[in-house]
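The primary structure of each chain is shown beneath.
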Amino acid sequence: MLRFTLERLVGMVVTMALVSVMVFLIMELPPGDYADRYAFRKYSGTGVNVTEADIQAIRVDLGLDKPLVFRYFDWIGGIVLHGDFGQAFAFETSVLKVIGDKIWLTLGILFSTLIVTYMVSIPIGIYAAVRRASVADYGLTVFSYLGLALPNFLLALILLYFANKWFGADIGGLFSADYKDAPWSFAKAWDLFKHLWLPAFVLAWSAVAYQLQTVRATMSDEINKLAVTAARARGVPETKLLIKYPARLAINPVVSTIGFDVNRIFSELPIVAVVLGLTELGELLLRAYLDLDMYVAGAILLLLTFMIVFMNFISDLLLAWLDPRIKLGASS
Amino acid sequence: MTSVVNDDLKNGSESELTEDQKRLLKYYSASQWTLIWWRFRRHRTAMIAASLLIVMALFGIFAEFVAPYGPTSRNTKYLDGAPQIPQFCDQNGCSMRPFIHGVSTKRDPVTLRAISVPDTNKRVYIEMCLEGEKTELLGFIPIKTHLFGLQDPKAKLHIWGTDDLGRDMFSRTIYATRTSLSIGVMGVFISFVLALIIGGTAGYFGGRTDMVIQRVTEVIRVVPIIPLYMGLAAAMPKEWSTTQIYFAMTLILGLFGWPTLARRIRSQLLSIRNEDYVVAARLAGAKPSRIIGQHMLPSFTSFIIVDLVISFPYMILSETALSFVGLGLRPPTVSWGVLLQQAQSIRVIEQTPWLFIPAVFVVVAVLAFTVIGDGLRDAADPYAEAK
Amino acid sequence: MDDMLKVENLSIAFRTDEGLIAPVQGVSFSVQKGKTLGLVGESGSGKSISTKALMRLLPGTAILGEDTKMTYRAKNGEIIDIEKLAPNSRKTRHLRGGEIGMIFQEPMASFSPVYTVGNQMMEAIRLHRDMNKKEAREFAIEMLDKVGISNPAQRIDQYAHEMSGGMRQRAMIALTLSAGPQLLIADEPTTALDVTIQAQVLELMSDLQRDLGMGMIFITHDLGVIAQIADEVAVMYLGTIVERGPTRDIIRDPKHPYTQGLLEAIPKLDSLTHRLSPVPGDIPSPHARPTGCPFHTRCTRKIEGVCDVKAPTEVDLGEGHAVACFLHADEGRHVA
Ligand SMILES: Nc1ncnc2c1ncn2[C@@H]1O[C@H](COP(=O)(O)OP(=O)(O)O)[C@@H](O)[C@H]1O
Ligand SMILES: [Mg+2]
């Protein structure tokens, strides 16, 4: 198990290194560089005349005149060695400050979404497989198609519309007005919790549709396995039998795709965040892109990807723990 | 089963075959593609989806003819106007031909703003295939005829209402259909070519080449795709023309759409690279590209087609999402995403819900592609048991 | 007679997409305490589903015939009408495992891959014996030892995939017997094993049966195996029993053309030609059952106008030997 863990860890580091190169290239992609945009943003409209020399001075100051490879190592070195993600010019402060506790909000959204996803898809998927061709089973098929076809942000719009129409309530956002800028307290956390269910539900939408299909398909396979018949032939009571034998295996593919789900959630997060007015990393990422605040954008893209890679790692470990066959394959 | 048919063939000339045997004979001598088509045809939902999609595509292609107005033509007398539903009856009785009520402008007694209200005493009749705005079909054939319009050339028909600038939502949606579907096609095409090259290289050469390509693929798969697309789209210079942006978008979507398909091609190639016929071709000195294209790909074309069909939804949804948040196509180009940009706030949806109509198109198109993909998969591989 | 199980007129039908099929029709047999009944026939003849019916293990699409009677005498002497049991009742669950145990062809697939052998054994023991965790574990180790698994105290915590094929089947036998059944159904338990291991497992099963005084139904498609283990044989073809009798009589003097064909298929040491199909032709699909004698489509000695018209009834040849074949209809009349 130790060797297995180490192997996965090394794989994770290599992947992240390659990801960082790609993220850096994306940061470098827009025309002009940080110095240009900084100068333009700071002085345009102020009447101050910025010369090319001034910009060059900023450039040299920040080390932006160095070749690409050096700049990459400056950037990644700062992150890895000092936790320094660079400067956010739109806010005139460090990227880290801008991101701040949005990381925790994002993680909160992520985990509540994952919880909703699995709490819904696993039991219903199992139920539909046990009661094949029942109303639940057909309903599920229809829902999975819809879940894949109706994009989350449109669902969010529709929900907002109906919430407004029926309850006259604005259910968007992460906090009520009272707590928005208040310091963290128990009451604020509770307020956040009350607001989390909507984004969690919206983001879980397509993940549920996908996982329902998976759970149902594996469960249907597992139910017909000989091991289940053999256990039944030993007199194991039906409900216990279903849970202990096929259901236990039907969650394996779910566990192995946790990383995918996180990926999907983060992929949809920026768009949903705009609609629902969520002030977390996804929304910040979108704003950073629109403002070409590339250090902020790069940092967020890197962080989101890191969380995905990390969850992949967790899912590998979980799976090895859940399924003894994998451990054996890895050590031999 | 096959042997039975062969025996039948040996035993009698064709004229002696019974109806049943003839049917069997036809079945067994049909090509793989005919078989797939026969099986697909039995899949009712998929057939409906395919017809829907074809209609949608035709509307898009012949947008100039189908849409009564251009995507940016304005009707300043009917801003934020509600859909004008063609009717056959009103308080003045019924007619055989559909009509709408004329519009007159009044001043809102409270806000003093000019508002449009239907004039229930004035009927304007709808006609099919009549002359209207001059446009160019497919961008180069000048036409004046449109699928439908109003008899009275001065009145304008907005069956799906208008937006805040008085632009006809029906016409805009039809033009948007063209853009969105074509972006999907181009994106899928580009990612197909890339998948062919990348997956082909990995699967044909295997070994170290394969390992490197696998690593890179892994990196692309692990980064959340929409934020990645957004990063590339954000880099498009502000001064680019709509055409440049359109092509850049297809490139962006295509650039990262290949991993799934490349994986399929790679694993299929790996599994058959040591088959006799491939080895024979290699020994005969054929070039890799020729061996892959002529000898290896045909053995799993049907799977590739299925994968291509089911990758459409991702393209369409990505384009819609990007344009929706302002990082994709930009006005005056119209696409489903661009149109939905106008419907971003609840207030807008509340007051002018018809601006949400393009969303229905998105859902229907994605649903159709998914259903067709499933139908094709069942047809191409009947033994894979639909789960 | 000391019948512990008596099956009369067992018929099984399935609802399928293509309509109703009836793969088992009017099968009767009985098992005596301490004796082994061999059930022989090609695959698809309905052996497995017949025995699954005894444990009420058929899927929901299955329908039992109306005049099917399955009577079983439990360990405590109670007479159980199996066909009347409610599917998931306490009684059914006690019957499964506690009274009748079942061993399957694939030892690997019979174990769950995610639980240790010991886990599954202890589950069965605690379901059917009044034992706590610790006692159950000790008993499981004892059982593993009994079936000849060396080092049972360690093996108990292994997974099935960590064992060899033969050892797995031994473990499966231990698992099934640990619940304490008095009737063991073995559904082709040796088919998936190597020949040498096959012999060892067969020997183990005979020994255990003798020691525990169990009745046994041994299913196989190989008459050679039957000769080694069964006291009586029933030959099944397409859902009916075509010949039955004491093993020695059947092996020495088979009456039904199908049994004769099966016997010829046993590989002999002095001939290298190994025939795969005992009788020429394929077993008809259950959707297209032949009329008359089910075997007439492949029979080399069929009587035109008789065999393809009506089904033969069973003819008693004396000493428990009976056959359902028109070729022997006269002999039967002489005896009677
Ligand atoms: N669940 C089922 N649904 C429909 N038919 C079945 C089912 N299970 C078995 N059968 C039918 O019963 C026949 C006998 O099956 P089985 O008892 O497994 O044969 P055997 O064990 O002799 O090889 C099969 O050929 C099949 O047609
Ligand atoms: Mg069987």
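Model, not experiment: these values are computed from the prediction.

Comments concerning the packing of helix α6 (residues 102-130) of chain A against helix α13 (residues 258-276) of chain A
Residues and elements named next belong to chain A.
Turning to step 1, where the next piece is worked out: Two elements in contact, α6 and α13, have axes whose closest approach is 11 Å; the angle formed by their N-to-C orientations is 125°. Taken together, α6 and α13 sit at an angle that is classed as oblique. Between α6 and α13 the crossing geometry is right-handed. Between α6 and α13, the residues in contact are T106, I109, L110, T113, L114 and Y118 and I258, D261, V262, I265, F266 and L269, respectively.

Things to note about the domain arrangement of chain B
All names here are of chain B.
Turning to step 1, where the next piece is worked out: Domain annotation for chain B reports domain 1 (74-167) and domain 2 (173-379).
Turning to step 2, where the next piece is worked out: Taking the mean C-alpha position of each, domain 1 and domain 2 sit 39 Å from one another.
Turning to step 3, where the next piece is worked out: In this assembly, eleven residues from domain 1 lie in contact with eight residues from domain 2.
Turning to step 4, where the next piece is worked out: For the pairing of domain 1 and domain 2, the buried interface totals around 670 Å² over both sides, and the portion due to carbon and sulfur atoms is 66%.
Turning to step 5, where the next piece is worked out: For the domain 1 face of the interface with domain 2, the top three residues by lost area are D80, W160 and D163, together amounting to 60%.
Turning to step 6, where the next piece is worked out: Linking domain 1 with domain 2 are zero salt bridges.

Observations concerning unusual backbone geometry
Turning to step 1, where the next piece is worked out: Backbone torsion omega between B:P331 and B:P332 reads 10°, so that peptide bond is classified as cis.
Turning to step 2, where the next piece is worked out: Positionally, B:P332 belongs in the loop between α13 (301-324) and α14 (336-341).
Turning to step 3, where the next piece is worked out: The phi dihedral of C:N9 falls on the positive side, at around 60°, and the residue is not glycine.
Turning to step 4, where the next piece is worked out: Mapped onto the elements, C:N9 comes out in strand β1 (residues 3-16).

A look at the sheet that holds strand β7 (residues 100-103) of chain C
All names here are of chain C.
Turning to step 1, where the next piece is worked out: Taken in spatial order, the eight strands of this open sheet run β7-β8-β9-β3-β10-β11-β13-β12, and their pairing is mixed. Lying at the two open borders of the sheet, with one neighbouring strand each, are β7 and β12 (315-316).
Turning to step 2, where the next piece is worked out: In terms of strand pairing, strand β3 (residues 36-40) meets strand β10 (residues 232-237) through four bridges, oriented parallel. The residue of β10 that forms the bridge with V40 is V235.
Turning to step 3, where the next piece is worked out: Helix α7 (residues 165-178) contacts β7 and β8 (183-187) of the sheet and is inclined by roughly 165° relative to β7.
Turning to step 4, where the next piece is worked out: This element, helix α8 (residues 195-212), spans β3, β7, β8 and β9 (215-220) of the sheet and lies at about 160° to β9.

Conventions adopted
- Residues numbered from 1 in each chain as written.
- Chains lettered and ligands numbered in written order.
- Predicted model: local features only at pLDDT ≥ 70, side-chain atom pairs only at ≥ 80, totals over all residues.
- Heavy atoms only, no water.
- Axes fitted to C-alpha atoms, helices over the stretch in contact; angles between N-to-C directions.
- Helix = DSSP H or I, 4+ residues; strand = E, 2+ residues; numbered from the N terminus.
- Parallel < 35°, antiparallel > 145°, perpendicular 65-115°, else oblique.
- Left-handed = near helix turned anticlockwise from the far one by under 90°.
- Contact = heavy atoms within 4.5 Å.
- Domains from an automatic or database assignment.
- Buried area = accessible area lost by both parts, 1.4 Å probe.
- Salt bridge = Lys/Arg side-chain N within 4 Å of Asp/Glu carboxyl O.
- Pairing = 2+ DSSP bridges.

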